[in-house]
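An overview of the molecular structure
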Amino acid sequence: MYELVIANGLVITPGGVIVADLAINGEEIVAIGFGLNGERVIDAAGCYVIPGGVDPHVHLQMALAGMISTDTFTTGAIAAACGGTTTIIDFADPQPEQPMLDALSARRSEADGQVAIDYALHMTVPTWHGADAGRLHEIPAVIAAGCPTFKLYQAYNRMELDDVALYRVMCAVGDAGGRVVLHSETGPLLEVLRAEAVAAGHTAAIWHERTRPARLEATAIHRAAEIAYLAGCPLYIFHVGCAEAVAEIVAARLRGVDIVGEGCPQYLLFTAEKHLKSADGNLYICAPPLRSHEDQDVVWAALADDDLQVVSTDHCPWTRAEKLGASSFTSVPGGIPSIEARLSLIHHFGVVEERMDLSRWVEICCTNPARLMGLDRKGALLPGYDADVVIFDPEREKTITVDALHEAADWTPYAGISVAGWPRAVLLRGQLIVEDEHYVGQPGQGYFVAREV
Ligand code: MN
């Protein structure tokens with residue numbers, strides 16, 4: 001007799017898709033089989049039983065230019081939970097002079113006791129830590145503290161690392177057994193293009209895309225990939241949204257570079273032409289920018305074919321007033337909220353619209369991000385894994401609205417979009433945290449998860 005059995009669902013495991021029962025004791029999955037008996041039974045007939053989603057790229061309560069991104073660790077984690085995500089990875093961002101381990105514990109103290117789901121942190125390496133005389137000697141200790149992934153930028157003043165700094169950080173991370181996650185754009189040149197556009201009187205949102213050409217994005221990926229190869233460092237490219245970036249990643253992999261990449265829902269569903277040119281175009285400013293329908297087709301195909309491995313959200317919400325109040329595209333806080341709808345959006349536009357099968361959906365939203373980020377008990381329905389489980393009702397039709405979501409922002413780019421399929425129930429380490437689409441958990445029951453890649 002097991003403590004809990006999720007019965008009769010279509011269970012999506014790494015080994016195949018079967019109608020079966022899934023048994024849980026305590027916090028762990030202990031068996032998948034037929035006719036399993038439980039003290040408690042949840043009937044999942046007609047539903048998919050999948051691992052809790054893993055979103056490896058979110059920005060909760062992130063400070064930027066005197067503002068703080070709209071979702072706290074509390075609201076963002078509840079929204080994630082209601083959308084079927086049970087693990088998120090956010091960031092620790094060291095200030096100048098601040099040791100990385102201090103930044104890690106400071107960020108943990110903001111999250112611990114607040115998060116409704118499990119979480120981990122990437123360590124940002126800003127310019128002031130990435131130089132030769134910076135703090136690269138701290139990297140092994142950061143990895144030992146359960147934070148083996150390091151976020152580097154090739155764009156944004158004060159964050160962008162030049163090729164020499166990239167090389168030094170990648171050598172240090174590679175030597176210590178970590179992985180680099182990278183925002184790849186040709187930053188310094190983008191600043192010139194943006195200044196030129198503003199000087200010519202172009203302040204509308206579409207100029208955000210026109211001053212961040214896809215070909216320059218690809219150039220940055222090309223350089224980073226070769227530097228990673230030289231340094232012997234595994235590389236993960238964040239938020240891939242254009243054909244040129246996909247082509248560079250594929251070509252680099254064929255040249256022997258250890259490189260993977262992620263897409264995000266906003267790049268798969270929105271375009272520069274429609275959304276940045278709309279009356280509320282500022283809302284859709286994120287970097288890299290939205291691209292074209294042709295780019296979307298390439299990114300969808302790359303996700304289906306394993307040219308890209310993950311869908312994250314890069315969830316970075318701001319209020320309408322913060323986004324629309326800017327007088328120029330150059331001063332809009334960048335980012336889009338997506339944390340809650342990710343699983344359902346990729347299910348609907350990926351699986352229902354026949355761009356990928358059920359197993360691939362689970363791989364890119366759950367299994368691959370867990371594996372690549374070193375979450376060794378997450379992302380798969382297998383005995384011994386954490387009992388993070390989503391009972392996903394593929395027949396549930398839902399039209400997304402701001403009010404229906406648990407995200408804190410007063411807008412969502414997905415308002416009015418109808419999807420087939422939504423999580424009905426969600427378990428975090430064996431505990432029911434979402435029941436009949438209602439959050440029933442405790443903020444603070446999520447843990448920091450130490451990772452090893
Ligand atoms: Mn980001």
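Worth saying up front: this structure is predicted, and the values here are computed from it rather than measured.

Conventions adopted
Each chain has its residues counted from 1, following the order in which its sequence is written. With the structure being a predicted model, the display of local features is reserved for residues of pLDDT at least 70 and the display and counting of side-chain atom pairs for 80 or more, all residues being used for whole-chain, interface and lining totals. For the side-chain quantities, the full set of heavy atoms in the structure was used; hydrogens and water were omitted. Secondary structure elements follow DSSP: runs of H or I no shorter than four residues count as helices, runs of E no shorter than two count as strands, and numbering proceeds from the N terminus. The buried label goes to any residue with under 20% of its type's maximum accessible area, the exposed label to any with over 50%, and the partly exposed label to all in between, with areas taken from a 1.4 Å probe on protein chains only. Throughout, a contact is declared for two residues whenever any of their heavy atoms are within 4.5 Å. Each accessible area value is a Shrake-Rupley result obtained with a 1.4 Å probe; residue values ignore everything except the protein chains displayed when judging cover. A positive count includes Lys and Arg, and a negative count includes Asp and Glu. His and the chain ends are not counted in either. One atom stands in for each charge, and that atom is NZ of Lys, CZ of Arg, CG of Asp or CD of Glu. Paired strands are those between which DSSP finds at least two bridges. Disulfides are defined as cysteine sulfur pairs within 2.5 Å. Remark: nonpolar core denotes a set of buried residues (Ala, Val, Leu, Ile, Met, Phe, Trp, Tyr, Cys) joined through side-chain atoms within 4.5 Å. Where each domain starts and ends follows an automatic or database-derived domain assignment. Ring pairs shown here join Phe, Tyr and Trp side chains whose ring centres sit within 6.5 Å, with only the six-membered ring taken for Trp; geometry is labelled stacked below 30 degrees between planes, edge-to-face above 60, and tilted in between. Any pair of nitrogen or oxygen atoms within 3.5 Å is treated as a polar contact; in protein, a donor-acceptor pairing is required on top of that, and neighbouring residues in sequence qualify only through side-chain atoms on both sides.

Secondary structure assignment for the chain yields 15 helices and 19 strands. With the C-alpha coordinates of the chain rotated into their principal frame, the extents come out at 70 × 50 × 40 Å. The buried share of the chain, taken over its 453 residues, is 61%. Residue pairs at least 24 apart in sequence account for 75% of intrachain contacts in the chain once pairs closer than 6 positions are excluded. Here the chain has roughly 16,000 Å² of accessible surface; of this, 52% comes from carbon and sulfur atoms. Each charge sign in the chain was given a centre, from 31 positive and 59 negative side chains, and these centres are 4 Å apart.

A separate point is the pairing of strand S18 (residues 431-435). Across three bridges, the pairing between strand S17 (residues 418-428) and S18 is antiparallel. Residue pairing across strands places Val-426 opposite Val-434, the latter belonging to S18. Linking two consecutive strands that pair antiparallel, namely S17 and S18, is a turn of two residues; a positive phi of about 45° is found at Arg-429 within it. From the end of S18 to the start of strand S19 (residues 438-439), which pair antiparallel, there are two residues, and Asp-436 there has a positive phi angle of about 45°.

Here the focus is the state of the cysteines. Tallied over the full model, the rule gives zero disulfides. Free of any disulfide, Cys-47 has its nearest neighbouring cysteine sulfur in Cys-366, separated by 15 Å. We note that Cys-233 lacks a disulfide partner, and the nearest cysteine sulfur, in Cys-171, lies 8.4 Å from it.

Right, let's get into unusual backbone geometry. The linkage connecting Ala-287 with the following residue, Pro-288, adopts the cis geometry, with an omega of -5°. Tracing the backbone through its elements, the reader meets Pro-288 in the loop between helix H11 (272-276) and helix H12 (293-305). Of note, Asn-8 is a non-glycine position whose phi angle comes to about 70°, a positive value. Relative to the assigned elements, Asn-8 resides in strand S1 (residues 2-13). Positive phi, close to 65°, is recorded for Glu-354, a residue that is not glycine. With respect to the secondary-structure elements, Glu-354 resides in the loop between helix H14 (342-352) and helix H15 (358-373).

The next point concerns the nonpolar core. Residues Met-170 and Trp-361 are the most contacted members of the largest nonpolar core, which totals 114 residues. Each of domain 1 (2-50 + 382-439) and domain 2 (52-372) contributes no fewer than three residues to this core. Other than its neighbours up to four places away in sequence, Met-170 contacts Leu-152, Val-180, Ala-224, Ile-227, Ala-228, Ala-231, Cys-233 and Leu-235. Of all hydrophobic cores here, the second largest spans 17 residues; its members include Ala-20, Leu-22, Ala-387 and Val-389.

Bringing the packing of aromatic side chains into the picture now. Pairs of aromatic rings are described using the distance from one ring centre to the other and the angle between the two planes. On inspection of all chains with the given rule, the structure shows 11 aromatic pairs. Each ring, one from Phe-270 and one from Tyr-284, has its centre 5.8 Å from the other, and the planes form 70°; the classification is edge-to-face. Separated by 14 residues along the polypeptide, Phe-270 in the loop between helix H10 (265-269) and H11 and Tyr-284 in the loop between H11 and H12 bring together distant segments of the chain. Judged by its relative accessible area of 2%, Phe-270 falls in the buried class. In this structure Tyr-284 comes out as buried when scored by relative accessible area, which is 12%. A ring pair is formed by Trp-361 and Phe-392, whose centres lie 4.9 Å apart and whose planes are at 65°; its orientation type is edge-to-face.

Let us now look at helix H1 (residues 73-82). Within H1, eight of the 10 residues are buried, which leaves it mostly tucked inside the rest of the structure. Considered for burial, the residues of H1 that qualify are Phe-73, Gly-76, Ala-77, Ile-78, Ala-79, Ala-80, Ala-81 and Cys-82. In the core, the buried residues of H1 are packed alongside strand S9 (85-92), helix H2 (100-111), S17, S18 and S19. Looking at where H1 begins, the residue whose side-chain oxygen comes 3.1 Å from the main-chain nitrogen of Thr-74 is Thr-72. Just downstream of H1, Gly-84 is the residue with a positive phi angle, here 95°.

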